[in-house]
Amino acid sequence: MSDPLPGPSIAVVRRVAALLVAFFVLSPGRGDADFILPPWQCIVADAQFIGIAECVVAGGIVADYRVTESWKGPPVGSRLRIAQSTSTDYGTRLYPLALVGKRYLIVANAPNMNWNEGEWPSILHGVASTTAWRRIPVDYFAPWGVTPVARAEAPPDRGVPGVLGIVPLDTDDRRTSRLDAFHEAVKPLVAMDARRLEIETLRAAAQWEAAGKRTAMTLSEQLFRTSPLCRATAPDSLEQVVAGLVAYAGRGEGQGRQALSVFLTGGGLESLRQLEALQAAKIHVDRHRYDDFVVRILRIRVGRDSVRAEVPAYMKGPPTPSALTRWRARLAADSTGHPEHGLEESEAFVALTKFEPERVAQYLVRWHPRDVEREGDGLGLTLGGYFAAFCGRDRARLLSSLLRAEDPYIRVSAAVYLCFEDEVAGQAALRDLMPLPGDPGVWAALTLARRGVKDALPRSLEVLRGAVPPTLSAPPHEYLQKRVIELLSNSAHASGISLPMDWDPEYASEPEDVAAVYDAYVRWWASEGARIRLADPWMPILAARKMD
């Protein structure tokens, strides 16, 4: 028998829970998924709010909504602050956006299941990490993102983003929208009490496991007759269903893993109670103690625990002399210009940003991308942003020193965060950086515009000149497009003025669309700009946290 595995790290929790606890967001316009997805019944059971809500404060990752239809949870009229996931099973989602006045289908969990919150601030996810560091307090967490109602009401042969992208339709009526089909399917589940719902989700999870992790709208009677795993969930008593799965798990290692997968995917309070009783009796369903991990996830699901960022050991206390020596050598030896590409290099960069920020500032002044072709891909934005956000001491002086850095994104990062230390000096630096070509200059201008500087808005709009280019520079370009439209959505709404067109960079795909958008917004600003008061409603929260 092998030794028991150590307790799962938060990284492992996130990866496995991402797979099995609805931590997946379909890309825009996509109706089918190539990834292992949980049964839709389990998604509904985990949710504390399901319904239609209108965005009232635009935001990337976090936005404010007013409930217009409540299928589960808070009633119509409730104001909710909801975070969308920035992580998916296939990578990191870039600044998921919601705009004022648009209606969205939202399936949201309790904030204790916010896997974004559980991640230690990282530079590994590139540009998308920089706004995930904000940690704005929220009421709910939407692991599947929010789905525009206009897209959700489309015929089923059209790709639909979000949770509706995985809901299979048991109908040949192509006029039925996914939104309507999903609403009809949700109604009986929402009406069940918690115990009956747990039976339903365990049965759905058992079918999902027995069918090779394929989800379906209804449970298959044939599969339940032929699969011993499914037959274990046949009783109408919840206690008997859970006990049957435990007994099935005892048949062998393979059966144990199958049963634990069912508990992980569809288990609730009774599943947790019986598994914890086994733990107390020192009986393990799986010889690797994978059941300890399942208990951890179930405790999070039922609200007894939360996903928490586990601070790396090297960041918890004063560093040892040997650790400092190792980090200094690692940073000094880095000739690639990409310290985020290796674990040891990342550790050195992160740790020294806190404990010896002077050394990292000196490094960043000289930093530039290794490849000329990658000059626009935003690595400087990520590195400069991380340092500026988490610099351990002497922030104003060190940020000022980075205003002469070789990389333009690092210079702008320094100016953006200098505003939190010295508003006058920061804004002066941003004005000097506005003429920078390309996206760095846009970012400087946008930061001023978010602080009410109206003459910076035309330079900000230049990010709309072209579609997201098919190069490595796409991440910061799309990111900045979204942030510009977010600012205009909030500012125009607060000023009682409509935007010039219904365009959302979250779903933009055709280059000609964006070319028309730029012209429309330039004309709109020329005619309406004098009546609009630019303001970022998130700025008071961000300024208090000194986080952009």
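Remember, it's a predicted structure, so these values are computed and weren't measured experimentally. (Residues numbered from 1 in each chain as written. Predicted model: local features only at pLDDT ≥ 70, side-chain atom pairs only at ≥ 80, totals over all residues. Heavy atoms only, no water.)

**Considering helix H19 (residues 423-433)**
Then, number 1: All buried positions along H19 are accounted for by Gly426, Ala429, Leu430 and Leu433. Projected down its long axis, H19 carries its buried residues within an arc of 100 degrees, all on one side. Opposite the packed face of H19, turned more than 90 degrees from it, sit the exposed residues Val424 and Asp432.
Then, number 2: Residues of H19 that are buried in the fold lie against helix H18 (408-421) and helix H20 (439-450). (Buried < 20%, exposed > 50% of the residue type's maximum accessible area, 1.4 Å probe, protein only. Helix = DSSP H or I, 4+ residues; strand = E, 2+ residues; numbered from the N terminus. Arc of directions from axis to C-beta. Contact = heavy atoms within 4.5 Å.)

**Let's talk about the sheet that holds strand E8 (residues 103-108)**
Then, number 1: Sheet architecture is open: six strands sit in the order E9-E4-E3-E1-E8-E10, paired in mixed fashion. Two strands lie at the open edges of the sheet, namely strand E9 (140-142) and strand E10 (146-148), each paired on one side alone. The sheet shows a mean angle of 45 degrees between the axes of neighbouring strands, taken without regard to direction.
Then, number 2: Relative to E9, strand E4 (residues 79-84) runs parallel, the two being bridged by three bridges. Within E9, the residue paired with Ile82 across the bridge is Tyr140.
Then, number 3: Packing against the sheet, helix H5 (residues 178-191) makes contact with strand E1 (49-57), strand E3 (62-72) and E8, and its axis sits at approximately 70 degrees to E3. (Pairing = 2+ DSSP bridges. Axes fitted to C-alpha atoms, helices over the stretch in contact; angles between N-to-C directions.)

**Some details on the pattern of salt bridges**
Note that side chains of opposite charge can pair when their charged atoms are close.
Then, number 1: Here the structure, examined in full by the defined rule, presents 29 salt bridges.
Then, number 2: For the salt bridge of Arg328 with Glu356, the shortest nitrogen-to-oxygen distance reads 2.3 Å. In this pair, Arg328 is assigned in helix H13 (residues 321-333) and Glu356 in the loop between helix H14 (343-355) and helix H15 (357-366), connecting sequence segments 28 residues apart.
Then, number 3: Note that Glu528 is salt-bridged to Arg531, the shortest N-O span being 2.6 Å. (Salt bridge = Lys/Arg side-chain N within 4 Å of Asp/Glu carboxyl O.)

**Description of the confidence of the model for the protein**
Then, number 1: Averaged over all residues, the pLDDT of the protein equals 83, while 80% of them reach at least 70.
Then, number 2: Segment residues 1-35 is flagged for pLDDT under 50; beyond a separation of four residues in sequence, or across chains, it makes 105 contacts in the model. (pLDDT = per-residue confidence, 0-100.)

**Points about the environment of Thr233**
Then, number 1: One can find Thr233 in the loop between helix H8 (228-231) and helix H9 (238-249).
Then, number 2: Separated by 33 residues in sequence, Thr233 and Glu200 place their C-alpha atoms 9.0 Å apart.
Then, number 3: A polar contact is formed between the side chain of Thr233 and the backbone oxygen of Cys230, at a distance of 2.6 Å. (Polar contact = N/O pair within 3.5 Å; in protein donor to acceptor, adjacent residues only side chain to side chain.)

**Some words on the environment of Gly426**
Then, number 1: Position of Gly426 relative to the elements: it lies in helix H19.
Then, number 2: A C-alpha to C-alpha distance of 9.7 Å links Gly426 and Val412, two positions 14 residues apart in sequence.
Then, number 3: The residues contacting Gly426, other than those within four sequence positions of it, are Ala415, Leu418 and Cys419.

**Considering the packing of helix H6 (residues 194-210) against helix H11 (residues 269-280)**
Then, number 1: Where H6 contacts H11, the two axes come as close as 9 Å, and the packing angle between them is 80 degrees. The angle between H6 and H11 falls in the class roughly perpendicular. Every residue of H11 that contacts H6 at Arg195, Glu198 and Leu202 is listed here: Leu269, Glu270 and Ser271.
Then, number 2: Partitioning the contact of H6 with H11 into residue classes produces two nonpolar, one polar and three charged. (Parallel < 35°, antiparallel > 145°, perpendicular 65-115°, else oblique. Nonpolar A, V, L, I, M, F, W, Y, C, P; charged D, E, K, R; others polar.)

**A short note on the packing of helix H10 (residues 253-266) against helix H12 (residues 290-301)**
Then, number 1: Running from amino to carboxyl end, H10 crosses H12 at an angle of 10 degrees, the nearest separation of the two axes being 9 Å. Overall, the two elements H10 and H12 adopt an arrangement that is roughly parallel. Taken as a pair, H10 and H12 cross one another with a handedness that is left-handed. Contacts between H10 and H12 involve Arg257, Leu260, Phe263, Leu264, Thr265 and Gly266 on the former and, on the latter, Tyr290, Asp291, Phe293, Val294, Ile297, Leu298 and Arg301.
Then, number 2: By residue class, the composition of the contact of H10 with H12 is eight nonpolar, two polar and three charged. (Left-handed = near helix turned anticlockwise from the far one by under 90°.)

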